[in-house]
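Chains, contacts and geometry: an overview
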Amino acid sequence: MFNAFFPQLWLFYLFILIFLRTFAPNKIKTFMNSKKRYMVIALLALLVVSAMAYNDEAKPWTFWNWKYGSVSRPGIHADLTGMKNVGMGGIWLMPVREAGERLEFQDGVAQLSPEFWKMMDYSFQLADSLDFDMGIHVLPGNPLVLPAESMQKVVWTDTIVKGGKKIEGLQMWQPESYKDGKMQSAGSEGGYYQDIAAFAIRFKGKTGPAWRNATDSAARSEAVPMTDVLPLKMEGGMVMGVMVNGILQNKLPKGSWCLLRMGHTSTGQTHATDGKGIGLEVDRFSPAAVKKLFGSWYAPLLNRPHGDVVSYLYIDPREWGSQNWGCQFAEEFKVRRGYDLIPYLPIMAGVPLESASRYEQVQNDIRLTIEELVKEKFFQTFTRLAEEQYVEVSCEPIPRTDHPDDMFRAVSRAHIYNENPVQAVACTGNYGAQNGTPALLKPLTDSHLALGINRLIFQHDIVRHPEDRGFMDYITMCQHYLQQGRSVVDIAVFHPSENPEQKNSYRAPRGYKYDLINKDALLKWNFEYSPKGKLPGNQDYRILVVSQPESSLSAEIKAKLEELREEGIVIIDKPYQAKNFSQYGIDPDVILPENMDYAHRLVLEATGRKDIYFLINQENKERQITATFRTGTSRIRQIVNLNLPAYGSVFVILSNRDDMQIISPAKLPLP
C-alpha cells in the first residue's frame, strides 16, 4: 500500500519544508537537525496522507432502522457516534413499523408525531456535527394520498347473454372497488371506481373466463376478430345500447355474447413498513400526485433545521406495488404507441383479439408504456423536485447478498452503463449473519468485492461497536482500490429475460469474468467508434456469448447478431467445450489455483495503464500460490510464491512504468 503513497509522503514533507523556510527561516536549521521532530513530521505526513487516501466514497454505508418507534436521544447519540467511530461513510435512515405493534415497544415514538420530529431534528443536528452523510428511504405513499391519486388497476365484470333480444336497460354489476382501506367485491356500491369502456364480444365455443384462464399462445389461437367486438353505451352501470356499424341499437345481433364492463380502481396497495405514515401508494403516472407526495413528506423533512445533512433520497422499486392503469394512461398510450388502446382493452381482461401475435403485441405495448410513464412521470418528476432541494435521488434497487442473482445483474448493469460505485446490502439472509463477527463476515464480504460490488451497505447492528473499526478500515481500503478505473470483463452473455426469477446458468471458463447484457444493451450499442473485435461503450467486451437457442430469438435480435459478426465480434452461440478462449487470441485474465477468486480494475493514467487485481483465498488455511496475469500487451507476468493467510486477500498492482510490478498486500489486521 505504501508504495503507491510514497511520492505523496515526500510531497507533503516538501510542503512542510517550504512552510518552515517561508515563515520560520531561523528555525529551519534547528528543526532539520532534530531527529525527533523529523520523525514527528514523517508520522504526521503518514496520518494525513492515509486520511486523504481513502475518501468518503470508499467507506461502507449502513442502514439505520428506527424499528417500532424504539428511538431516543441517548440511543441516537450512541448509534451515530458509534457508527462514525468505526469508519462508516454514511447512513440510510429507515423508519420501520410502528410503536405498539409489539408489547415491548408500547412506549415507542409514533411516526409523524411531534416527538418523532424532535428525534429527527436531533438526528440531523448530530449527524451534521459529525460530518456524517445521510440518506432517507423514500416511502411510496402516505395518509394524504386519496384513492383517485393512488396506483390504479383495471377491473371488470362480465355477463353472458343471447343476441336478438333487447339489452337496453340491462344493469351490469360494478366491478370490485376500493373503500375505507380495503377492496370490496364486485356488485358492491359506494367504493372508488371509474368506468373506462364496455363491450359486447361474440364468442364461439369459449367463454370469457375460459379465455382468461388460457396460459399459452396455442390456447389463445381461437382469437376473436375485431368485427365481433362491439362498443356498449352505458350510463351509471346501465346498458343504453350497442353500437353496430356506428349506429346505436338496443339489440345485439344473434349469437352468444359476453358483455364486459371495464373500469379502474385503486390497487389498495400500501407499504407495510410505514407505521403511522402508512397510506395508499401514489399513482406513478401522475406528476401532480408525485408532487403531493414529495410536498407532504420529503420537502418538510428536508427543510427542517439541519435538514441539509440529507444528501440522498433512496427509492427501492422492488418494495413498490405495480399498476396497469393511472392518470391519462389511454391518452399516453395512443401518443407513444401510435394507436388507440380502448378498442383492445378486452385484452387486459384476457380476451385474445385478432390473433395470438396481436394479443402479445398489445400486452408488450402496455408494459412498455407503463415502464416509460414510471420513468418519466414519477422518477423524473421526483428527481427534479429533489434536485431543487439540492438532494440526489437513487432509483436503482440495491441488491441483497441473499439474492446473488440480483447482485450479479446489478454488477453487470453497472459495467454496461458506467455506474460507479456498485452498491449491495451485505451479510443478509442465509448468506451471512447480521450479528456475526468480522472474522465470520470477512470471507463473505471478500466474495462480494470479487464479484464487482465496491460499496457495501451493512445493517447497523454490526457496525456500531469499537471492535468493528479494523474490519471497516479493511473494507474501506479494498473499496478505495476497487472504485478506481473500470472493471475488466472479457465476456458479454446475452440474457434476454428481464424476469429475475429466470436464473442465469452460464459459467465462464476459469480466469475470465463475464457480464449479462439484456436486449436493450445489445440493441443500443453504438459501433461507430468501436475497434474491430470489441463491443463498444464503457466496457471492452471481447466475446459475445448467446446462450439462447436461435429458434427462440426474435428477428430483431438475429439481425443485430449478424451486424455484430460483420463488425468482427467473436460470437459463440453453440456449446463451448474448450477450457479457455486462447484460440481467439484471448488468454485468461489471471490464472489462479482452485478456490480463489479475483476482481480486476483498469486505470488509465497520463503515465500509462495500471492494472489492479484483488485476489482472495477462499480456503480456511494458509496457502502459497502462483498467480499468472495477462497484461495489456498480451505478455505474461508471473507473481510467484504469494503467501495468503486463511481467507486472506491481496492486491496486486501491475504498472507499465518502466515495466515494473508493484505488489500491495491487503494485510490490515482484523480485531
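Since the structure is predicted, the reported quantities are computational estimates derived from the model, not experimental observations. (Residues numbered from 1 in each chain as written. Predicted model: local features only at pLDDT ≥ 70, side-chain atom pairs only at ≥ 80, totals over all residues. Heavy atoms only, no water.)

Our next topic: the overall build of the protein. A tally of helices and strands in the protein yields 14 helices and 27 strands. The buried share of the protein, taken over its 671 residues, is 49%. Restricting the contact set of the protein to residue pairs at least 6 apart, pairs at least 24 apart contribute 73%. Taken as a whole, the protein presents about 32,200 Å² of accessible surface, with 52% of it coming from carbon and sulfur. (Helix = DSSP H or I, 4+ residues; strand = E, 2+ residues; numbered from the N terminus. Buried < 20%, exposed > 50% of the residue type's maximum accessible area, 1.4 Å probe, protein only. Contact = heavy atoms within 4.5 Å. Areas by Shrake-Rupley, 256 points an atom, 1.4 Å probe, with all protein chains shown as cover.)

When you tally the buried positions in strand β2 (residues 90-96), you get 7 out of 7 residues, the bulk of the element. Neither face of β2 is open: one carries Gly-90, Trp-92, Met-94 and Val-96, the other Ile-91, Leu-93 and Pro-95, and all of them are buried. With 7 bridges joining them, strand β1 (residues 61-67) and β2 adopt parallel strand pairing. Its bridge partner lying in β2, Asn-65 is registered against Met-94. The β-α-β motif built from β1, the intervening helix α4 (residues 73-85) and the parallel element β2 has right-handed crossover chirality. Inspection of the sheet shows β2 paired to strand β3 (residues 133-137) by 4 bridges, in the parallel sense. Within the sheet, the bridge partner assigned to Trp-92 lies in β3 and is Gly-135. Handedness of the crossover is the feature at issue here: the chain leaves β2, passes through helix α5 (residues 114-129), returns alongside β3, and the resulting connection is right-handed. (Pairing = 2+ DSSP bridges. Right-handed = clockwise from strand over helix to strand, strands pointing away.)

The next thing to look at is helix α7 (residues 287-302). At Gly-295, α7 is deflected by roughly 45°, the largest bend along its length. Looking at the packing, one finds that the buried side of α7 touches α5, β3, β12 (310-314) and α9 (356-388). (Bend = angle between axes of the 7 residues up to and from the residue.)

Tyr-298, Leu-313 and Phe-382 are the most contacted members of the largest nonpolar core, which totals 101 residues. Among the elements that make up this core, the one with the highest residue count is α9 (11 residues). Apart from the residues within four sequence positions on either side, Phe-382 is in contact with Val-138, Val-290, Leu-293, Phe-294, Tyr-298, Leu-313, Ile-315 and Val-393. (Core = buried A, V, L, I, M, F, W, Y, C linked by side-chain atoms within 4.5 Å.)

Now for the pattern of salt bridges. Inspection of the entire model under this criterion finds 28 salt bridges. The partner of Arg-261 in a salt bridge is Asp-195, with the nearest N and O atoms 3.0 Å apart. Linking Arg-261 in strand β11 (residues 256-266) with Asp-195 in strand β7 (residues 194-202), this pair joins segments that are 66 residues apart in sequence. Classification of Asp-195 as partly exposed rests on a relative accessible area of 40%. Of the charged contacts, one joins Arg-469 and Asp-473 as a salt bridge, the two residues approaching to 2.9 Å between their closest N and O atoms. Separated by 4 residues within a single helix, Arg-469 and Asp-473 lie in helix α12 (residues 469-482), roughly one turn from each other. In this structure Arg-469 comes out as partly exposed when scored by relative accessible area, which is 36%. Among the ionic contacts, a cluster of salt bridges with common partners joins Glu-332, Arg-336, Arg-337, Glu-372, Glu-376 and Lys-377. (Salt bridge = Lys/Arg side-chain N within 4 Å of Asp/Glu carboxyl O.)

Looking now at the packing of α4 against α5. Describing two packed helices takes the angle between their axes plus the distance from one axis to the other. Direction vectors running N to C along α4 and α5 enclose 30°, while the axes themselves pass 10 Å from each other. Here α4 lies roughly parallel to α5, going by the angle between them. The two elements α4 and α5 meet at a crossing, and its hand is right-handed. Side by side, α4 and α5 meet where Arg-73, Ile-76, His-77 and Leu-80 of the first sit next to Met-119, Tyr-122, Ser-123, Leu-126 and Ala-127 of the second. Of the residues belonging to the contact of α4 with α5, the class tally is 6 nonpolar, 2 polar and 1 charged. (Axes fitted to C-alpha atoms, helices over the stretch in contact; angles between N-to-C directions. Parallel < 35°, antiparallel > 145°, perpendicular 65-115°, else oblique. Left-handed = near helix turned anticlockwise from the far one by under 90°. Nonpolar A, V, L, I, M, F, W, Y, C, P; charged D, E, K, R; others polar.)

Positionally, Ser-412 belongs in helix α10 (residues 404-416). For the pair Ser-412 and Asn-518, spaced 106 residues apart in sequence, the C-alpha to C-alpha distance is 9.7 Å. Those residues in contact with Ser-412 that sit more than four places away from it in its chain are Asp-515 and Leu-516.

Sheet topology places strand β8 (residues 229-235) next to strand β9 (residues 238-244); 4 bridges connect them, and they run antiparallel. Residue pairing for β9: Leu-232 is matched across the bridge by Val-242. Hairpin geometry of β8 and β9 is characterised by an intervening segment of 2 residues between the two adjacent antiparallel strands and by a positive phi of about 60° at Gly-236. Of the strand pairs in this sheet, β9 and strand β10 (residues 247-249) are connected by 3 bridges, and their pairing is antiparallel. Its bridge partner lying in β10, Val-244 is registered against Ile-247. A loop of 2 residues connects β9 with β10, the two strands running antiparallel in sequence, and Asn-245 in this loop sits at a positive phi of about 55°.

A few words on helix α14 (residues 555-567). For α14, built from 13 residues, the straight-helix expectation of 18 Å at 1.5 Å per residue is met to within 8% by its first-to-last C-alpha distance of 19 Å. Of the residues making up α14, those classed as buried are Ile-557, Lys-560, Leu-561 and Leu-564. The arc that holds the buried residues of α14, viewed along the axis, is 100°, so those residues lie on one side. Exposed positions of α14 whose direction lies more than 90 degrees from the buried face are Ala-555 and Glu-566. Of the surrounding elements, those touching the buried residues of α14 are β17 (491-494), α13 (519-524), β19 (543-546) and β20 (570-572). The first or second residue beyond α14 is Gly-568, which carries a positive phi of 95°. (Expected span 1.5 Å × (residues − 1). Arc of directions from axis to C-beta.)

In this structure, Pro-421 follows Asn-420 across a cis peptide bond, with omega equal to 10°. Tracing the backbone shows Pro-421 in the loop between α10 and β14 (423-425). Its identity is not glycine, yet Asp-131 carries a phi of approximately 55°, on the positive side. Position of Asp-131 among the secondary structure elements: in the loop between α5 and β3. Classification of Asp-131 by relative accessible area gives exposed; the value is 59%.

Per-residue pLDDT for the protein averages 81, and the proportion of residues at 70 or more is 78%. Here residues 1-13 scores under 50 on pLDDT; set against residues more than four positions off or in separate chains, the count is 23 contacts. In the model, residues 26-53 has pLDDT below 50 throughout and makes 23 contacts with residues more than four positions away in sequence or in other chains. (pLDDT = per-residue confidence, 0-100.)

Turning to the sheet that holds β2, a few remarks are in order. Ordered by their spatial adjacency, 7 strands build an open sheet running β13-β12-β3-β2-β1-β15-β14, and the pairing between neighbours is parallel. The sheet terminates laterally at β13 (392-394) and β14, the two strands that pair on one side only. This sheet shows a mean twist of 25° between the axes of neighbouring strands, independent of strand direction.

Structurally, Gln-484 is set in the loop between α12 and β16 (486-487). From its side chain, Gln-484 meets the backbone oxygen of His-480 in a polar contact 3.4 Å long. Those residues in contact with Gln-484 that sit more than four places away from it in its chain are Arg-601, Val-603, Lys-610 and Ile-612. (Polar contact = N/O pair within 3.5 Å; in protein donor to acceptor, adjacent residues only side chain to side chain.)

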